[in-house]
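Geometric and topological summary
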Amino acid sequence: MNRVAIVVLDSLGVGALPDAESYGDAGADTFSHIEEEMSKAGGFAIPNLLRLGFGNIEGAAQGRLKQSGPAGAFGRLSECSKGKDTITGHWEIAGLYTEIPFMTYPDGFPQDFIRRFSEEIGVGILGNYAASGTEIIDELGPVHEETGKPIVYTSADSVFQIAANTAVIPLERLYEICKAARGMLVGDVACGRVIARPYVLEGGRRVRTSDRKDYAVSPPSETALDKVKSAGKAVYAIGKISDIFNGQGITASVHTEDNMDGVDKTIKALREDFEGLIFTNLVDFDSKYGHRRDPIGYGRAIEAFDRRLPEVLGALKGGDVLMLCADHGNDPVHSGWDHTREYVPVVVYGKEVAAGKDLGTRGSFADIGATVCEILGAGAPDIGESFLKHIV
């Protein structure tokens, strides 16, 4: 084994964690609820994920999709960090524990900060409240397009999101505004991510583009990515991974347009000849369907990924290991439009991986990072227990 590909199925949780109620997420179960809604709508066709063992994970679809003799190892992971946001989940996958959740702003950012930010960028802002990204651009888009003022909003995550029509605020200017916010959102107004949310008008509809860009804080200490890089191996980031880690521990990265582009670029990376880590995030599950509370759209997106999975498996070389996982939940039948505090799946496949191994319920997302480091001969991350001995 000399290369690992982690593919994060962003937000595909497999059931509420024991402390979910304290996050307002009692009863959340992203995968099971999608399966239920898809079954009502005519069926849920994910044969390749099921062949690897996804349906055999404890609690996944309440056991309705279990298969005999799955080809991969499988289990579920608990989140030990506090929170349920993108950065916390990915950082824990990579071996970092977040004890104090990132600050959130359910009532908007402080007015003093907004005043200073407006002075810095030379224009006032619209919004400054928690909202769905698609809804707020429909609501405030006409005023933004008339006045040139950017739209600011947040969510249950620690995010400062800035939306703009690129015909009004060009993309590079939007990025400059985001960088200004990133530099200011520290100390008493600390924030995990600043996100550029560009959109265009198409046929009278406001449509977000794929030019989103995240400006995150840097990890506070070394992650599994740093360990792999220090061991002289490649760390190839696909999608928003480089943004989430603020480039730390990354040796190469590529942007993605959508899930299928992410799959294309993962396959391309697998076909190249190098040792190390490929780390992919497929964001559409979360951004297009979880947050928009669209279980059928989410289910169809899983089916679309499943149809591409044989191509991914076919691109694996003899020493490659594929790990499918998630970073949090986003139950599309839950109230509101935010992430849900859930277990996440882990499915592991490769020519050297023991088929049918049930890893059970493990104590941390960080077990992925610890396993990656052991496979690649890198130093162990801060937290996490490798499960390598259980899959070989």
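Below is a summary of the structure that appears in this document. What you are looking at is a predicted structure, and each value in this text was computed from that prediction instead of being measured. (Residues numbered from 1 in each chain as written. Predicted model: local features only at pLDDT ≥ 70, side-chain atom pairs only at ≥ 80, totals over all residues. Heavy atoms only, no water.)

1. Things to note about the overall build of the chain
Just so we agree on the cut-off: Numbering of helices and strands runs from the N terminus, with a helix taken as a DSSP run of H or I at least four residues long and a strand as a DSSP run of E at least two residues long. Each radius of gyration reported is based on C-alpha atoms, and the globular scaling rule is 2.2 Å times the count of residues to the power 0.38. Only protein chains enter the accessibility calculation, which uses a 1.4 Å probe; a residue is then buried when its area is under 20% of its type maximum, exposed when over 50%, and partly exposed in between.
Regarding its fold elements, the chain presents 13 helices and 14 strands. The C-alpha radius of gyration computed for the chain amounts to 20 Å, which stays within 12% of the reference 21 Å derived for 392 residues, consistent with globular compactness. Projecting the C-alpha coordinates of the chain onto the three principal axes gives extents of approximately 60 × 50 × 40 Å. Taken across its 392 residues, the chain has 59% of its residues classed as buried.

2. Thoughts on the packing of helix α4 (residues 111-121) against helix α6 (residues 171-184)
Under the convention used in this document: Axis definition: a line fitted to C-alpha atoms, over the contacting stretch in the case of helices. Angles run 0 to 180 degrees between N-to-C directions. In these notes the angle categories are as follows: under 35 degrees is roughly parallel, over 145 is roughly antiparallel, 65 to 115 is roughly perpendicular, and the rest is oblique. Definitions for this section: a left-handed crossing has its near helix turned counterclockwise from the far helix by less than a right angle. A right-handed crossing has that turn clockwise. Whether two residues touch is decided by their heavy atoms; if any such pair falls within 4.5 Å, the residues are in contact. Any residue that is not Ala, Val, Leu, Ile, Met, Phe, Trp, Tyr, Cys, Pro, Asp, Glu, Lys or Arg is counted as polar, Gly included; the first ten are nonpolar and the last four charged.
Contact geometry of α4 with α6 gives a least axis separation of 10 Å together with a crossing angle of 135°. One element, α4, and the other, α6, form an angle in the oblique class. Here α4 and α6 pass one another in a crossing that is right-handed. Seen from α4, the contacting residues are Phe113, Arg116, Phe117, Glu120 and Ile121; seen from α6, they are Arg173, Ile177, Ala180, Ala181 and Met184. Taken together, the residues that form the contact of α4 with α6 break down as seven nonpolar, no polar and three charged.

3. A few points about the packing of aromatic side chains
Counted only if it meets this: Pairing of aromatic rings covers Phe, Tyr and the six-membered ring of Trp, with a centre-to-centre limit of 6.5 Å; geometry is then stacked below 30 degrees between planes, edge-to-face above 60, and tilted otherwise. In this scheme, the term charge over a ring applies when either NZ of a lysine or CZ of an arginine sits within 6 Å of the ring centre and within 35 degrees of the ring normal.
Applying the stated criterion to the full structure yields twelve aromatic pairs. Centroid distance phenylalanine 113 to phenylalanine 117: 6.1 Å. Interplanar angle 5°. Geometry classified as stacked. Taken together, the residues phenylalanine 113 and phenylalanine 117, both in helix α4 and four residues apart, mark about one turn of the helix. Residue classification places phenylalanine 113 among the buried positions, given a relative accessible area of 1%. On the basis of relative accessible area, phenylalanine 117 is assigned to the buried category, the value being 0%. Note on tyrosine 236 and phenylalanine 274: the rings are 6.1 Å apart at their centroids and 15° apart in plane angle, and the pair reads as stacked. Placement of the pair is tyrosine 236 in strand β9 (residues 234-238) and phenylalanine 274 in the loop between α9 (259-271) and β11 (276-282), with a sequence separation of 38 residues. Looking at tyrosine 236, the relative accessible area reads 13%, which means it is buried. Among the aromatic side chains, those forming a connected cluster through ring pairs are Tyr105, Phe109, Phe113, Phe117 and Phe160. The ring of phenylalanine 274 is capped by arginine 3, whose NZ or CZ atom sits 5.0 Å from the centre of that ring.

4. Some thoughts on the environment of phenylalanine 245
Along the chain, phenylalanine 245 turns up in the loop between α8 (241-244) and β10 (252-254). Between the alpha carbons of phenylalanine 245 and valine 217 there is a distance of 7.5 Å; along the sequence they are 28 residues apart. Beyond its immediate stretch of four places on either side in the chain, phenylalanine 245 contacts His90, Trp91, Ala94, Pro219, Thr223, Leu225 and Phe279.

5. Topic: the side chain of arginine 3
Structurally, the position occupied by arginine 3 is in strand β1 (residues 3-9). Taking relative accessible area as the criterion, arginine 3 reaches 1% and is therefore assigned buried.

6. A closer look at the packing of α9 against helix α11 (residues 295-315)
Here α9 crosses α11 at 10°, and the two axes come no closer than 9 Å. Between α9 and α11, the interaxial angle falls into the category roughly parallel. Residues Met260, Val263, Asp264, Ile267, Leu270 and Arg271 of α9 form the contact with α11, whose participating residues are Ala304, Phe305, Arg308, Glu311, Val312 and Ala315.

7. Some words on the layout of surface pockets
To be explicit about the condition: Definitions used throughout: a 1 Å grid over protein atoms alone; a cavity as a set of points that fits a 1.4 Å probe which cannot get out; a pocket as an open set with protein on both sides within 12 Å along at least five of seven lines; a lining residue as one with an atom within 4 Å of a point. Grid points are joined across faces, edges and corners, and a volume is the space filled by probe spheres set on the points.
In this structure, the largest pocket spans a volume of roughly 670 Å³. Around the largest pocket, the lining is made up of 29 residues, and of these Thr209, Ser210, Arg212, Glu257 and Val283 lie nearest the centre. Those elements that provide at least two residues to the lining of the largest pocket are α5 (133-147), β6 (193-202), β7 (205-208), β8 (213-216), α8, β10 and α10 (284-290). For the lining of the largest pocket, the leading source of residues is β7, giving four residues.

8. Quick word on the sheet that holds β10
Which entries qualify depends on this criterion: In short, DSSP must find at least two bridges between two strands for them to pair.
In space, the eight strands of this open sheet follow the order β10-β9-β11-β1-β12-β13-β2-β14, with mixed pairing throughout. Among the strands making up the open sheet, the edge pair consists of β10 and β14 (358-362). Strand-to-strand twist in this sheet, taken as the mean axis angle between neighbours without regard to direction, amounts to 15°. Here β9 runs beside β10; their pairing, made up of three bridges, is parallel. If you follow tyrosine 236 over to β10, its bridge partner there is alanine 252. Of the strands in this sheet, β1, β9, β10, β11 and β12 (320-325) touch α9, which is tilted by about 170° from β11.

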